[in-house]
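# Topology and contacts: notes
Residues per chain, in single letters:
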There are 2 protein chains.
Amino acid sequence: MSYLDQNIVAATDLQRRNAASAKHEAAIASFAEFGAKSLKFAPHDVVYYEGDEARRLYHLERGTVMLFKLLPDGRRQVVEVLRPGDIFGLASSEEHDCTAETLTDAQVQEIDLRHVETSPEFQRRLTRCLTSQMNALHDHAVLLGRKSAQERVASFLMYLVPNRGGVGCVGPDPERTDDSCDIKLHMTRQEIADYLGLTIETVSRVVSELKRKGVIRADKSDQIHLHRVCGLCQMTGFH
Amino acid sequence: MSYLDQNIVAATDLQRRNAASAKHEAAIASFAEFGAKSLKFAPHDVVYYEGDEARRLYHLERGTVMLFKLLPDGRRQVVEVLRPGDIFGLASSEEHDCTAETLTDAQVQEIDLRHVETSPEFQRRLTRCLTSQMNALHDHAVLLGRKSAQERVASFLMYLVPNRGGVGCVGPDPERTDDSCDIKLHMTRQEIADYLGLTIETVSRVVSELKRKGVIRADKSDQIHLHRVCGLCQMTGFH
DNA sequence: CGACCGGTTGAACTGCATCAAGCTGAGTGG
DNA sequence: CCACTCAGCTTGATGCAGTTCAACCGGTCG
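Note that this is a predicted model, so its numbers are computed, not measured.

With that settled, the discussion passes to the protein's contact with DNA strand D. Contacts to DNA strand D come from 15 residues, most closely from A:Thr202, A:Arg205, B:Arg189, B:Ser204 and B:Ser208. Here DNA strand D approaches the protein such that, of its atoms within 4 Å, sugar and phosphate make up 59%. Within the contact set of DNA strand D, a base nitrogen lies 3.2 Å away from a side-chain nitrogen or oxygen of A:Glu201. The separation between a phosphate oxygen of DNA strand D and a polar side-chain atom of A:Thr202 is 2.2 Å. Those elements that place two or more of their residues in the surface near DNA strand D are helix H6 (200–212) of chain A together with helix H6 (200–212) of chain B.

Printed below as a string of structure tokens:
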């Protein structure tokens with residue numbers, strides 16, 4: 001069965017499923033003040049499916065989660081890649097508009113929607129979180145709408161470098177003599193392609209091209225060494 | 001001076017300017033409880049520029065506003081098209097991440113950021129508003145990342161039909177015998193192109209193609225009659 | 001050992017961008 | 001009232017970045 005065929009099955013199957021609920025474990029702190037319950041997920045577990053009833057909020061404590069949407073013919077777009085601290089699962093209708101799937105082992109707190117209504121402190125945290133997610137979505141719209149394949153891949157890699165990338169990139173840390181960095185992708189080529197609005201082959205070709213140019217070295221296919229972060233940053237389209 | 005050249009000037013000029021503040025007028029109700037001040041704008045006025053200090057929130061009462069970002073070489077991406085009821089101007093850093101420009105005459109309420117911190121009622125409205133904007137951004141990411149030019153234009157036109165388009169499109173109103181509709185774009189071909197991640201020529205060609213197929217009729221270039229809304233909806237990629 | 005999955009690479013194709021020319025209609029001025 | 005202009009739009013011809021199709025490679029697992 002081809003990749004697209006698999007997604008078609010997934011797309012038509014969305015309505016019927018109802019995820020999460022299964023894999024919880026002991027409760028931990030952080031949003032405990034809101035009666036949050038902590039769940040653990042393995043890589044590629046689904047937290048909820050697009051179309052599931054939206055009853056709870058989720059706070060990502062550890063690991064990485066992606067949100068994606070499917071078109072009925074199987075085309076997929078990963079719309080967000082979330083990191084620890086992000087909140088997800090808030091829906092404007094009764095249903096989730098995306099599927100949420102883990103990329104790595106992940107720990108997620110489940111928060112009762114009631115707190116959205118009642119706790120001003122929680123509201124403030126939520127607003128801050130939503131705002132920064134909106135900013136990320138704006139940047140991503142620029143990437144998807146206006147950047148070349150090479151710029152997309154470069155931007156994606158920079159996104160994984162702590163405190164770098166983006167418009168306001170400060171340049172290399174003056175404290176350090178070299179400007180190299182090791183990053184772990186935690187995503188397959190397919191997931192990267194679906195995030196960047198490209199095909200798997202194009203992602204692969206651009207990565208190979210970057211290796212050939214000596215900008216990066218790929219130790220394992222999801223473990224990449226950036227020789228000069230600033231050099232890569234120059235390729236994002238932001239400079 | 002070419003279009004891109006103009007944008008380059010705009011892009012490099014962003015930091016220096018500081019918009020809004022000039023064109024206010026009498027205060028009106030709606031968010032008046034939060035001490036909001038009502039401003040009036042003409043088409044293509046700028047409410048704030050990307051990089052301006054983010055001090056206030058804005059509530060769109062009447063008209064249409066777009067948010068866009070520029071790359072330093074002049075490429076532009078319109079990231080959101082806002083409608084009455086939407087709130088904009090909330091920033092996760094000290095600066096606005098987009099430029100906000102009116103498409104039509106518009107009336108905008110300026111709200112003090114203090115209310116974000118203090119009023120739970122305001123917080124609730126804000127959360128609801130941000131959530132639905134996030135959903136729109138998710139849909140737009142799918143459009144930009146995965147849809148063909150024709151699907152983009154069809155989706156865009158459907159977006160302008162009240163209560164239609166999107167995944168959960170209910171189909172034609174059973175009360176009505178015909179399924180036609182008149183819409184006004186309020187955007188130039190350039191703005192549409194920058195919103196859909198296409199070029200002006202491609203937008204023009206797709207619109208002409210839709211005319212040739214008899215799906216639409218363009219009375220004036222920004223005034224379009226949809227013969228069968230459902231037929232157009234079939235071309236969005238959602239069905 | 002073979003099957004399989006994720007990734008890479010090559011060759012050919014194509015949808016959209018680019019470049020260039022012409023059209024249309026609103027505004028301006030003689 | 002018509003000629004001129006200019007901005008926004010359309011249309012055609014050509015080019016190319018990225019997709020598609022297909023073969024192959026290397027690691028892992030039963």
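Still more to cover.
A separate point is the protein's contact with DNA strand C. By nearness alone, 15 residues border DNA strand C, and A:Arg189, A:Ser204, A:Ser208, B:Thr202 and B:Arg205 come closest of all. Near the protein, meaning within 4 Å, the atoms of DNA strand C are sugar or phosphate in a fraction of 62%, with bases accounting for the rest. Within the side chain of A:Ser208, one N or O atom sits 2.4 Å away from a phosphate oxygen of DNA strand C. B:Glu201 has a polar side-chain atom sitting 3.2 Å from a base nitrogen of DNA strand C. For the surface near DNA strand C, the secondary-structure elements that each account for two or more residues are H6 of chain A together with H6 of chain B. Sort the elements by how many residues they give to the surface near DNA strand C and H6(A) lands first, with four residues. Considered class by class, the residues forming the surface near DNA strand C number two nonpolar, eight polar and five charged.

Take the pairing of strand E10 (residues 216–220) of chain B next. Residue and element names in this part refer to chain B. As judged from the four bridges shared by E10 and strand E11 (residues 223–226), these two strands associate in the antiparallel manner. Paired with Ile 216 across the two strands is Leu 226, which belongs to E11. Here E10 hands over to E11 after two residues, the two strands then running antiparallel side by side.

On to the sheet that holds strand E7 (residues 99–102) of chain B, then. Within a sheet, neighbouring strands are paired by backbone hydrogen bonds and run either parallel or antiparallel to one another. Residues and elements named next belong to chain B. If you trace the four strands from one edge of the open sheet to the other, you get E2-E7-E4-E5, paired in antiparallel fashion. Each end of this open sheet is capped by a strand with a single partner; those strands are strand E2 (46–48) and strand E5 (76–82). Strand-to-strand twist of the sheet, defined as the mean angle between neighbouring strand axes without regard to direction, takes the value 30 degrees. The pairing of strand E4 (residues 65–70) with E7 spans four bridges and is classified as antiparallel. Bridge pairing in E7 links Leu 67 to Ala 100.

Next up on the list: helix H3 (residues 120–146) of chain B. For H3(B), spanning 27 residues, the distance from its first C-alpha to its last is 39 Å, which sits close to the expected 39 Å at 1.5 Å a residue. For H3(B), the buried fraction is high: 19 of the 27 residues fall into the buried class.

Contacts between the two partners involve 45 residues from chain B and, on the opposite side, 45 residues from chain A. Our count for the chain B to chain A interface comes out at eight salt bridges. Across the contact surface, chain B and chain A share 26 residue pairs in polar contact (both at pLDDT 80 or more). When contributions to the side of chain B that touches chain A are tallied by element, the ones reaching two or more residues are E4, E5, helix H2 (114–118), H3 and helix H5 (189–196) of chain B.

Another aspect to go through is H5(B). All names here are of chain B. Burial analysis of H5 places eight of its eight residues in the buried class, which makes it a mostly covered element. Taken as a whole, H5 has its buried residues at Arg 189, Gln 190, Glu 191, Ile 192, Ala 193, Asp 194, Tyr 195 and Leu 196. A positive phi of about 70 degrees marks Gly 197, the residue just after H5.

On the secondary structure map, B:Arg146 appears in helix H3. Residue classification places B:Arg146 among the buried positions, given a relative accessible area of 16%. A polar contact is formed between the side chain of B:Arg146 and the backbone oxygen of A:Ala193, at a distance of 3.1 Å. Residues in contact with B:Arg146, not counting those within four places in the same chain, are A:Arg75, A:Arg76, A:Gln77, A:Ala193, A:Asp194, A:Gly197, A:Leu198, B:Ala141 and B:Glu151.

Reading the values: the criteria
- Residue indices begin from 1 for each chain and proceed along its sequence in written order.
- Starting at A for chains and at 1 for ligands, labels are handed out in the order in which the entities are written.
- Local features are withheld for residues below a pLDDT of 70 in this predicted model, meaning they are given only at 70 or higher, and side-chain atom pairs are given and counted only at 80 or more; totals for whole chains, interfaces and linings count all residues.
- Note that water and hydrogens are dropped before the side-chain values are worked out from all heavy atoms of the structure.
- We define proximity as follows: a residue is near a molecule or strand when any one of its heavy atoms falls within 4 Å of that partner.
- The definition of a polar contact used here is a pair of N or O atoms within 3.5 Å, where within protein one atom must be able to donate a hydrogen and the other to accept one, and adjacent residues in sequence count solely through side-chain atom pairs.
- The numbering of helices and of strands both runs from the N terminus, where a helix is a DSSP run of H or I of at least 4 residues and a strand a run of E of at least 2.
- Polar here means any residue other than Ala, Val, Leu, Ile, Met, Phe, Trp, Tyr, Cys and Pro, which are nonpolar, and Asp, Glu, Lys and Arg, which are charged; Gly is therefore polar.
- Pairing between strands is defined by DSSP: at least two bridges between them are needed.
- A fitted line through C-alpha atoms represents every axis, and for helices the fit uses only the stretch in contact; the resulting angles, taken between N-to-C directions, go from 0 to 180 degrees.
- A helix is expected to span 1.5 Å multiplied by its residue count minus one.
- Buried means the residue's accessible area, taken with a 1.4 Å probe over protein chains only, is under 20% of the maximum for its type, while exposed means over 50%, and partly exposed covers the values in between.
- The contact definition used throughout considers only heavy atoms, calling two residues in contact when any of these lie within 4.5 Å.
- A pairing counts as a salt bridge when a side-chain nitrogen of Lys or Arg comes within 4 Å of a carboxyl oxygen of Asp or Glu.

This is a description of form; function is not addressed.
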